[in-house]
Amino acid sequence: MKKICVIGLGYVGLPLAVALSKHYSVVGFDINQERIQELQRGYDRTAEIDKSTLKTTALHVTHNVEEIEKQEIYIVTVPTPITKDNKPDLTPLEKACETLGKVIQKDSIIVFESTVYPGVTEDICGPLLAKTSGLTQGKDFFLGYSPERINPGDKVHTVDKITKVVAGETPSVTELLVEIYGTMNNNNIFQAASIKTAEAAKVIENAQRDINIAFINEAASIFNKVGVSIYDVLEAAKTKWNFLPFEPGLVGGHCIGVDPYYLAHLSKEIGHEPEVILSGRETNESMPAFIAERLAGIASENKKRLLILGLTFKENVPDLRNTKVVDLMDKLKKQGFDISVHDPYADPEEARKFYGLELLTSLDGLEPYDMILGAVPHKEYRALSQDQLQRLTTDQGCVADLKAMWRNLTLEGQRQYWSL
Ligand SMILES: NC(=O)c1ccc[n+]([C@@H]2O[C@H](COP(=O)([O-])OP(=O)(O)OC[C@H]3O[C@@H](n4cnc5c(N)ncnc54)[C@H](O)[C@@H]3O)[C@@H](O)[C@H]2O)c1
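My aim in this report is to walk through the structure given alongside it, one point at a time. The model shown is predicted, which means the values in this text are computed figures rather than measured ones.

Thoughts on the site of the ligand
Consideration 1: Neighbouring residues of the ligand: 30 residues in total, closest Gly8, Gly10, Tyr11, Val12 and Ser114.
Consideration 2: Sorting elements by how many residues they give to the shell around the ligand places helix H4 (residues 91-103) first, with four residues.
Consideration 3: Looking at the shell around the ligand residue by residue, the classes come out as 13 nonpolar, eleven polar and six charged.

Things to note about the nonpolar core
Consideration 1: Counting 121 residues, the largest nonpolar core has Ile110, Ile372 and Leu373 as its most contacted members.
Consideration 2: The element best represented in this core is helix H7 (residues 195-225), accounting for ten residues.
Consideration 3: Contact partners of Leu373, with chain neighbours within four places excluded, come to Leu295, Leu306, Ile308, Leu309, Ala400 and Leu402.

With respect to the sheet that holds strand E3 (residues 60-62)
Consideration 1: Ordered in space as E3-E2-E1-E4-E5-E6-E7-E8, the eight strands form an open sheet in which the pairing is mixed. A strand with exactly one partner marks an edge of an open sheet, and here the two such strands are E3 and strand E8 (189-191). Shown here is a sheet whose adjacent strand axes are inclined to one another by a mean of 25°, direction ignored.
Consideration 2: Sitting on the sheet, H7 touches strand E6 (142-145) and strand E7 (164-168), and the angle it makes with E7 is about 150°.

A look at the pairing of strand E12 (residues 393-401)
Every other side chain in a regular strand lies on the same face of the sheet, so the side chains alternate between the two faces.
Consideration 1: Pairing analysis gives five bridges linking strand E11 (residues 369-374) to E12, with the strands arranged parallel. Across the sheet, the residue bridging to Met371 is Cys398, located in E12.

Points about the environment of Leu360
Consideration 1: Mapped onto the secondary structure, Leu360 falls in the loop between helix H13 (348-355) and E11.
Consideration 2: For Leu360, a count of 15 C-beta atoms within 10 Å corresponds to the partly exposed category.
Consideration 3: For the pair formed by Leu360 and Gln71, sequence separation is 289 residues and the distance between their alpha carbons is 46 Å.
Consideration 4: Once residues lying within four places of it in the same chain are set aside, the contact partners of Leu360 are Ser340, Val341 and His342.

Some words on unusual backbone geometry
Across the chain, the bulk of peptide bonds are trans and the bulk of non-glycine residues have phi less than zero.
Consideration 1: The phi dihedral of Ala47 falls on the positive side, at around 60°, and the residue is not glycine.
Consideration 2: Taking the C-beta count within 10 Å as the criterion, Ala47 has 15 such neighbours and is therefore assigned partly exposed.
Consideration 3: Here Asn316, not a glycine, exhibits a phi torsion of approximately 60°, which is positive.
Consideration 4: Along the polypeptide, Asn316 turns up in the loop between strand E9 (305-309) and helix H12 (324-334).

What to know about the packing of helix H11 (residues 287-298) against H12
Consideration 1: Closest axis-to-axis distance for the H11/H12 pair is 8 Å, and the angle between their directions is 40°. With respect to each other, H11 and H12 are oriented oblique. H12 is crossed by H11, and the crossing has right-handed handedness. Every residue of H12 that contacts H11 at Pro288, Ala289, Ile291, Ala292 and Leu295 is listed here: Lys324, Asp327, Leu328, Lys331 and Leu332.
Consideration 2: Here the contact of H11 with H12 is composed, by residue class, of seven nonpolar, no polar and three charged.

Analysis parameters
- Within each chain, residues carry numbers counting from 1 in the order of the written sequence.
- Where local features are concerned, this predicted model is filtered to residues with pLDDT of at least 70; where side-chain atom pairs are given and counted, the filter is 80 or more; whole-chain, interface and lining totals use all residues.
- In this analysis a residue is considered near a molecule or strand if the C-beta atom, reconstructed from its backbone, is found within 6 Å of that molecule or strand.
- Note on conventions: DSSP H or I runs of at least 4 residues are helices, E runs of at least 2 residues are strands, and numbering of each starts at the N terminus.
- Following the grouping adopted for this structure description, the nonpolar residues are Ala, Val, Leu, Ile, Met, Phe, Trp, Tyr, Cys and Pro, the charged ones are Asp, Glu, Lys and Arg, and the polar ones are all others, Gly among them.
- As used here, a nonpolar core is made of buried Ala, Val, Leu, Ile, Met, Phe, Trp, Tyr and Cys residues. They are joined through C-beta atoms within 7 Å.
- Here a residue counts as buried when 20 or more other C-beta atoms sit within 10 Å of its C-beta, as exposed when there are 12 or fewer, and as partly exposed otherwise, the C-beta atoms being derived from the backbone.
- By the convention adopted here, residues are in contact when the distance between their C-beta atoms, placed from the backbone, does not exceed 7 Å.
- In this scheme, strands are said to pair when DSSP sees at least two bridges between them.
- Fitted lines through C-alpha atoms serve as axes, helices being fitted only where they are in contact, and the angles separating the N-to-C directions of these axes extend from 0 to 180 degrees.
- Any angle that falls under 35 degrees is termed roughly parallel, while one over 145 is termed roughly antiparallel, one within 65 to 115 roughly perpendicular, and all others oblique.
- Left-handed describes a crossing whose near helix is turned anticlockwise from the far helix by less than a right angle; the clockwise case is right-handed.

Everything listed is a geometric property; what it means functionally is a separate question.
Below is the structure:
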């Protein structure tokens with residue numbers, strides 16, 4: 001049986017390692033000891049894998065480097081964040097390569113799944129692996145790339161059901177990747193023309209999404225100023241067969257709002273100004289300020305007690321990384337709002353640690369607010385009734401509904417409804 005090691009057991013690495021372990025001998029490695037201990041206890045804080053699966057999986061997890069020696073294939077799924085000035089931060093990838101340099105041996109195959117720009121695998125990771133291992137790339141060890149496409153919280157498009165793009169440094173490496181990933185996902189494999197092609201495909205998938213959302217955000221901003229609901233507009237426009245139904249909103253998380261900067265970086269390096277890509281980013285980044293300004297415009301002076309519903313970067317997931325709700329809160333505070341925040345998915349401890357926020361843990365028994373803002377469309381918020389929303393707002397209060405969760409509800413008293 002083939003021996004595989006997955007490096008980095010987060011949102012991507014853990015589901016992948018669990019799926020592969022149904023067919024191969026798999027060891028999962030992570031530098032975060034706490035994460036390993038939690039997984040050993042059967043707890044996945046990313047909520048991607050349930051307790052009973054974790055308890056019964058054949059996957060072995062470790063933070064001990066010695067336990068990942070002598071594997072045939074290493075799959076790297078470490079984070080690829082950006083720096084404060086929006087440049088690729090390849091530190092986790094470089095550190096993973098340094099670790100791998102100590103354990104790879106003749107004929108090892110190292111496959112990267114982390115999202116990067118074309119060239120990172122072959123021109124940065126390969127040389128680093130060679131330097132730290134003393135082996136020769138393309139002769140002693142071989143590279144591959146297979147972008148990950150899963151979507152946190154999405155229980156339909158799971159790693160075993162989506163098309164996997166693969167590319168290897170040599171035809172035989174590609175062949176092996178086709179076999180390994182194909183076993184896991186019913187041979188739903190696409191062979192990309194090269195490693196750089198596979199890297200490029202992934203980065204444009206996310207950059208394209210960012211630009212499409214930016215366009216709708218721009219349209220929403222224009223229409224909001226003239227009193228036309230973008231959601232009404234979308235409902236009409238969607239009836240055309242080739243209209244792309246993107247929705248407005250905050251673009252957070254660590255994929256859509258981050259990956260375009262990887263592409264922009266490469267573009268600048270080769271002397272091409274990435275105008276469309278960065279303009280999309282700028283528009284999406286400007287949404288918190290735009291929304292805060294609009295809400296300030298409708299709030300009465302001295303009536304700015306605000307309850308925000310939702311803190312995570314998207315609906316129905318606990319992931320707080322790069323959530324733009326925090327940016328929105330900063331802008332709203334500057335506009336004089338006194339803010340409380342609730343989220344049924346976010347870990348209160350993480351909210352405190354990362355953002356210094358004390359989360360409300362229940363919506364029961366709260367003093368009515370001057371305004372409530374539905375910021376993240378968690379299913380629990382979508383299910384709030386007219387009565388529940390009204391109990392949360394004063395008689396003259398406002399129900400602000402960023403994601404149009406409650407657009408068909410009527411409100412009693414002098415309550416007003418606001419959306420994009
Ligand atoms: N989250 C997604 O839905 C998603 C989807 C597609 C692609 N991606 C890409 O996949 C990659 C991983 O993303 P993620 O969301 O799983 O990240 P994550 O932060 O959830 O998980 C990464 C894990 O890697 C570990 N790690 C960091 N450095 C390490 C090292 N040197 N050695 C071993 N482990 C290390 C961390 O402790 C963490 O547990 C990123 O490049 C991301 O852009 C993510």
